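The primary structure of each chain is shown beneath.
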Amino acid sequence: MAKLGRLRPIHFLVLGMLVFASTSWAQTRSPIAEQIAKAYGLDSFGQVEAIRYTFNLKGPRTANRSWVWQPKTGKISYEGKDKDGRPVKVTFVQSELTGESAIEKSKIDWLFVNDNYWLFLPFHVYWDSPGAHAQDMGMQKLPLGKVSAKLVTVKYPNGGYTPGDTWDLYVGSDNRIKELVYHRGAPKGPVPSIVAVTWTGYKKAGPLLFSTEHRGMADGKPLHLFFSNVSVKLVGSDTWINAQ
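This structure is a prediction, so every number in the text was calculated from the model and none was measured.

A. Representation of the overall build of the protein in the model. Within the protein, the regular secondary structure consists of four helices and 15 strands. Buried residues in the protein amount to 51% of all 244 residues. When contacts within the protein are restricted to residue pairs at least 6 apart in sequence, long-range pairs at least 24 apart make up 49% of them.

B. Geometry of helix H3 (residues 108-119). The end-to-end C-alpha separation of H3 is 17 Å, in line with the 16 Å expected for twelve residues at 1.5 Å each. For H3, the buried fraction is high: ten of the twelve residues fall into the buried class.

C. Spotlight on the packing of aromatic side chains. Scanning the model with the defined rule gives 17 aromatic pairs in all. Between the aromatic rings of tryptophan 67 and phenylalanine 112, the centroid separation amounts to 5.3 Å while the plane-to-plane angle is 65°, which identifies the pairing as edge-to-face. Of the two residues, tryptophan 67 sits in strand E4 (residues 63-70) while phenylalanine 112 sits in helix H3, which places them 45 residues apart along the sequence. Phenylalanine 112 carries the same exposure label as tryptophan 67, and that label is buried. Directly above the ring of tyrosine 126 sits arginine 29, whose terminal nitrogen or CZ lies 5.4 Å from the centroid. One Lys or Arg, lysine 107, reaches over the ring of tryptophan 110 and ends 4.6 Å from the middle of that ring.

D. Structural detail: the nonpolar core. Counting residues in each nonpolar core, the largest one holds 57 residues, and the members touching the most others are Phe120, Val154, Leu169 and Phe210. Of all the elements, H3 adds the most residues to this core, at six residues. Listed in part, the six residues of the second largest apolar core include Leu142, Ala149, Leu151 and Ala196.

E. Region of the structure containing unusual backbone geometry. Phi at lysine 107 is positive, roughly 65°, even though this residue is not glycine. With respect to the helices and strands, the residue lysine 107 is situated in the loop between helix H2 (102-105) and H3. Non-glycine residue asparagine 229 carries a positive phi angle of around 55°. Of note, asparagine 229 is situated in strand E14 (residues 221-234).

F. Representation of the pattern of salt bridges within the structure. Counted according to the given criterion, the structure contains nine salt bridges. Between arginine 86 and aspartate 84 there is a salt bridge, with its nearest N and O atoms 3.2 Å apart. The salt bridge partner of glutamate 213 is arginine 215, with a shortest N-O separation of 3.6 Å. We classify glutamate 213 as partly exposed; its relative accessible area is 22%. For arginine 215, a relative accessible area of 47% puts it in the partly exposed group. Counted as one network, the salt bridges with shared partners bring together Glu34, Lys38 and Asp43.

G. Representation of the side chain of lysine 233 in the model. Relative to the helices and strands, lysine 233 resides in strand E14. Buried charge without a salt bridge: lysine 233, with aspartate 238 as the nearest opposite-charge side chain at an N-O distance of 5.1 Å. In this structure, lysine 233 is in contact with Val48, Glu49, Ala50, Asp238, Thr239 and Trp240, ignoring residues within four places of it in sequence.

H. Molecular detail of the pairing of strand E7 (residues 133-141). Pairing of E7 with strand E8 (residues 148-155) involves seven bridges; the strand directions are antiparallel. For glutamine 140, the partnering residue across the bridge sits in E8 and is alanine 149. Between E7 and the antiparallel strand that follows it, E8, lie six residues.

I. Main features of the pairing of strand E5 (residues 75-81). The side-chain alternation of E5 yields one buried face, formed by Ile76, Tyr78 and Gly80, and one unburied face, formed by Lys75, Ser77, Glu79 and Lys81. Relative to E5, E4 is paired through five bridges, and the arrangement is antiparallel. When the sheet's bridge partners are listed, tryptophan 69 is paired in E5 with isoleucine 76. Adjacent in sequence and paired antiparallel, E4 and E5 are bridged by four residues, among which glycine 74 carries a positive phi angle near 80°. Taken together, the seven bridges between E5 and strand E6 (residues 87-93) define a ladder with antiparallel strand orientation. Following the sheet pairing, isoleucine 76 is matched in E6 by phenylalanine 92. Between E5 and the antiparallel strand that follows it, E6, lie five residues; glycine 85 among them carries a positive phi value of about 85°.

About the criteria used
- Residues numbered from 1 in each chain as written.
- Predicted model: local features only at pLDDT ≥ 70, side-chain atom pairs only at ≥ 80, totals over all residues.
- Heavy atoms only, no water.
- Helix = DSSP H or I, 4+ residues; strand = E, 2+ residues; numbered from the N terminus.
- Buried < 20%, exposed > 50% of the residue type's maximum accessible area, 1.4 Å probe, protein only.
- Contact = heavy atoms within 4.5 Å.
- Expected span 1.5 Å × (residues − 1).
- Phe/Tyr/Trp six-rings, centres within 6.5 Å; stacked < 30°, edge-to-face > 60°.
- Lys NZ or Arg CZ within 6 Å of the ring centre and 35° of its normal.
- Core = buried A, V, L, I, M, F, W, Y, C linked by side-chain atoms within 4.5 Å.
- Salt bridge = Lys/Arg side-chain N within 4 Å of Asp/Glu carboxyl O.
- Lys, Arg positive; Asp, Glu negative; His and termini not counted.
- Pairing = 2+ DSSP bridges.

Remember that the coordinates give geometry; whether it matters functionally is a separate question.
If you want it as structure tokens, here you go:
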């Protein structure tokens, strides 16, 4: 199983689903994907030594997971609970994991990819392209709002656990995502077929911009996904910069 990383293939898990997008940095990336990523600090990502954040989910499922990610080394620290509610605290390096490791068997790395993708989706859309095809579809009315925004459809290839998934990003004139709609590619599966959420609660930590609030519906049921305790540490510094 390939691991998450800027220069590696991406596995994308959300609310229990996993998608594989093959990437190659030698290939040309989508201009619109680059514009979106740049709005969130893509050009300054190399200045970041570590990011810490807590993923919170309320709705069809409930979750509360805390992470520290060091993208340059692949080192990850996790705090959460197991299926029986017992506290779990582990640190691991993705490149050192095997299919037989306890981290893999307990799906902690799997959960990391999910939570990280939600926080860094604007970056991953760029990192995953052209394997994940992003296309500007022009101005469209927001699914959850009354105004219009540019619709950027991101189509993942027919591979992985949920082949053919589509992500509709509704992007403002500032290239920030306003709303998102997920369409499950597989005809059947344990995950919602449609998820529609807002992309709000914008905060900046160092050179990076984050959307920390996502409210909407998952197959007609209320969903609230949000991030807390978001902060970054820059290269050469021991100080955490809190998102605000």
